[in-house]
Every structure is written in structure tokens, then in C-alpha cells.
Amino acid sequence: MLPPVTQRTHDEPHGGALGSRLNWLRAAVLGANDGIVSTAGLVVGVAGATDSRSALLTAGLAGLLAGSMSMAAGEYVSVSTQRDSEKAALALEKRELREQPEAELRELTELLQERGLSPEVAREAAEQLTARDALRAHARVELGIDPDELTNPWHAAWASFLAFTVGALLPLLAIVLPPAGLRLVVTVLSVLAALVLTGYSSARMGAAAPGRAVVRNVAGGALAMAVTYVAGTLLGAAGA
Ligand SMILES: [Zn+2]
């Protein structure tokens, strides 16, 4: 399976909009991937136990809603916490800038030197940055955050909700729409095909070699479906 990507790195190699857009896209693909795998496992398991279309629809829909809401809630909590700590760091920085501007200027100079500027240039740059917007300069150089672009927890929550839902719809429709004799084949094949796609694109966005990521992703999904199918079949046979 794919590694979780809740790490919102502010230190993008290229900085700026492209990096953060890629992060969002990648998070969306991973959310969809979660929706595909968990819903596929769920409906295939139920299909192992029963032929009832309404049971499949109920289970799939409940899984979709539970999963997307839990993803959204988790994302909301995690981004809110991150935002709180970023705000606290900014407030502390603001106070330090007010109470000990000289020490802060030295600190900024040293940080710029660590980034490769000569002492004179670093001092000059630090003075200019401080004159223009001291807090922003410290936020970016020292904390690695942009005070104007803190992630909105509601946006993050909605994005997770939507991504998971889109992913979950695929196995749900694939198990419910085809005639009973075909539903498992259609579901398994479409899920595996979708996992090739999500594995490939998330690896490409993470600048990793796609081959292994695709194999791991497809294997993870196949395993999830196999396990739940066996469990469902056993439960169905036991008449539970
Ligand atoms: Zn500082």
C-alpha cells in the first residue's frame, strides 16, 4: 500500500505554488486510493456472504460514508493541530522580534549564512528583510512557514472527504450495477485497474519510480479483497 502523506512539507525543493499543488494532488490521489481499497474490501467481503444487492448497496454506502467522514475528521484534527502550533510559533516570533530585535537580526544573519551567504551579504540581506517585513522573513527562513498561507483545516477536511468518496464510488458501483454472476469479476478487475492508476500517478508525483509502487499498491488491494472475500464466504456458509 501507499505510504500516508499527511506530511505537508513547507520546504518544497522548488518552493511556491507548484510544490504545494503537487502535494494537494498527491494527497487527493492517496485519499481516493484509500476509498477504493477499503470499500472494495468491504463490498467483496459482503458479496462472499450474500447475493443480495440491497445488502451490498447498504454495506457499500455505509462504508463510503463512514470512511469519508473519518478521513475528513482526521484531516481536520491534524491540520488544525498543525495550524495551532504554527500560530503559536508565529506569536512567539513576533514577541521576540519586539523584545530583542538585535538578537533576532543576528539570528536571521546566521541562518542566511548557513544557507550559503557570506557574512557581509547575510547581514545586508537580513537588514533588508527585517526592514521590509521582519515577521515574514523569520517565519520563512527560521520556521519554514508562510504566515499568509497556513493550511485551512476545513479545506483539507473537504478535500479528504471528496477524494475518499470518489475512490469509494468505483467499487460500490462496480459491485451493485452488473448482474449477479459478473459483479465480482467486474469489481476485482476495475479495482485493480484503478489501483494501477493511483499507484502510478502518486509515485510520479512523489518523483519515485512507478514500477514498484504500482506492484505494491495493486498487491495491497488484491490482498484486502482476498481476505475479506474469504471471511465473507466463511460467514455466509456458516449462515451467520
Ligand atoms: Zn527569529
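For every chain, the first residue of the written sequence is number 1, and numbering continues from 1 along that sequence. Selection of residues for local features in this predicted model requires a pLDDT of at least 70, selection of side-chain atom pairs for listing and counting requires 80 or more, and totals for whole chains, interfaces and linings are taken over all residues. To get the side-chain values, all heavy atoms of the structure are used, and hydrogens and water are removed first.

**Student:** Just checking my understanding: could you explain the packing of helix H6 (residues 183-205) against helix H7 (residues 210-237) for this structure?
**Tutor:** Packed helix pairs are characterised by how far apart their axes lie and by the angle those axes make with each other. Lines fitted to C-alpha atoms define the axes, with helix axes restricted to the stretch in contact, and inter-axis angles between N-to-C directions lie between 0 and 180 degrees. Only DSSP runs of H or I with at least four residues qualify as helices, and only runs of E with at least two residues qualify as strands; both kinds are numbered from the N terminus onward. At their nearest, the axes of H6 and H7 sit 8 Å apart, and the two run at 150° to each other. Taken together, H6 and H7 sit at an angle that is classed as roughly antiparallel. For the element pair H6 and H7, the recorded crossing hand is right-handed. Counting all contacts with H6, which are made through Leu184, Val188, Val191, Leu192, Leu195, Val196, Thr198, Gly199, Tyr200, Ala203 and Arg204, the residues of H7 involved are Pro210, Ala213, Val214, Asn217, Val218, Gly221, Ala222, Met225 and Tyr229. Comment on the angle field: the value is read as roughly parallel under 35 degrees, roughly antiparallel over 145, roughly perpendicular from 65 to 115, and oblique elsewhere. Helix crossings get a hand from a simple test, with the near helix turned counterclockwise from the far one by less than a right angle marking a left-handed crossing and a clockwise turn marking a right-handed one. By definition in these notes, contact holds between two residues if any of their heavy atoms fall within 4.5 Å.

**Student:** For this particular structure, what's the right way to read the packing of aromatic side chains?
**Tutor:** The geometry of two aromatic rings is summed up by the distance between their centres and the angle between their planes. Ring pairs shown here join Phe, Tyr and Trp side chains whose ring centres sit within 6.5 Å, with only the six-membered ring taken for Trp; geometry is labelled stacked below 30 degrees between planes, edge-to-face above 60, and tilted in between. Scanning the model with the defined rule gives two aromatic pairs in all. Judged by centre distance (4.8 Å) and plane angle (55°), the rings of Tyr76 and Trp154 are tilted. Pair noted here: Tyr76 is in helix H2 (residues 53-99) and Trp154 is in helix H5 (residues 153-176), with a separation of 78 residues, a long-range link. Note on Trp158 and Phe161: the rings are 5.6 Å apart at their centroids and 75° apart in plane angle, and the pair reads as edge-to-face. Of this pair, Trp158 and Phe161 are both found in helix H5, three residues apart, which corresponds to roughly one turn of the helix.

**Student:** Looking at this structure, I do not really get the packing of H2 against H5. What am I missing?
**Tutor:** Where H2 meets H5, the closest approach of the two axes is 8 Å, and the angle between their N-to-C directions is 160°. Comparing the axis directions of H2 and H5 gives the class roughly antiparallel. As H2 runs across H5, the sense of the crossing is right-handed. Residue composition of the contact of H2 with H5, by class: 20 nonpolar, seven polar and three charged. Amino acids are sorted into nonpolar (Ala, Val, Leu, Ile, Met, Phe, Trp, Tyr, Cys and Pro), charged (Asp, Glu, Lys and Arg) and polar (every other residue, Gly among them).

**Student:** When you look at H7 in this model, what are you seeing that I'm missing?
**Tutor:** Helical geometry: 3.6 residues make up each α-helical turn, so side chains three or four residues apart lie on a common side. A helix is expected to span 1.5 Å multiplied by its residue count minus one. The end-to-end C-alpha distance of H7, which contains 28 residues, comes to 40 Å, matching closely the 40 Å that a straight helix rising 1.5 Å per residue would cover. Only protein chains enter the calculation, and the probe is 1.4 Å; a residue is then buried if its accessible area is under 20% of its type maximum, exposed if over 50%, and partly exposed in between. Every buried residue of H7 is accounted for by Ala213, Val214, Asn217, Val218, Gly220, Gly221, Ala224, Met225 and Gly232. Just downstream of H7 lies Gly239, where phi reads positive at about 70°.

**Student:** Teacher, can you tell me more about the pattern of salt bridges here?
**Tutor:** Where charged atoms from two side chains of opposite charge come close, those side chains can pair. Whenever Lys or Arg places a side-chain nitrogen within 4 Å of a carboxyl oxygen from Asp or Glu, that contact is recorded as a salt bridge. Using the criterion set out here, one finds six salt bridges in the structure. Notably, a salt bridge pairs Glu127 with Arg123, separated by 3.1 Å at the nearest N-O pair. Note that Glu127 and Arg123 are positioned in helix H4 (residues 119-143) at a spacing of four residues, about one turn of the helix. Between Arg140 and Asp146 there is a salt bridge, and its shortest N-O distance comes to 3.8 Å. A residue is classified by how much of its surface remains accessible, and Asp146, at 14% relative accessible area, is buried. The network of salt bridges with common partners includes Asp133, Arg136, Arg140, Asp146 and Asp148.

**Student:** Got a minute to help me understand the confidence of the model for the protein in this structure?
**Tutor:** Detail in the predicted coordinates should be disregarded across regions flagged by low pLDDT. Confidence scores here are pLDDT values: one per residue, from the predictor, ranging 0 to 100. Here the protein averages 90 in pLDDT, while 92% of its residues score no lower than 70. This stretch, residues 3-15, has a pLDDT under 50; its non-local contacts, to residues over four places away or in other chains, come to 19 contacts.

**Student:** What should I look at first to understand the coordination of the zinc ion in this one?
**Tutor:** Expected angles at a metal are 109.5 degrees for tetrahedral coordination by four donors and either 90 or 180 degrees for octahedral coordination by six donors. Note on donors: an N, O or S atom is included if it sits within 2.8 Å of the metal, or within 3.2 Å for Na, K and Ca, and water is never included, so sites can look incomplete. In the first shell of the zinc ion, the protein supplies Glu93 (OE), Glu104 (OE), Glu107 (OE), His138 (ND1) and Glu142 (OE), at 1.7 to 2.3 Å from the metal. In primary sequence terms, the donor set of the zinc ion follows E-x10-E-x2-E-x30-H-x3-E. Note that Glu104 and Glu107 are positioned in helix H3 (residues 101-114) at a spacing of three residues, about one turn of the helix. Judged by relative accessible area, Glu104 falls into the buried class, the value being 4%.

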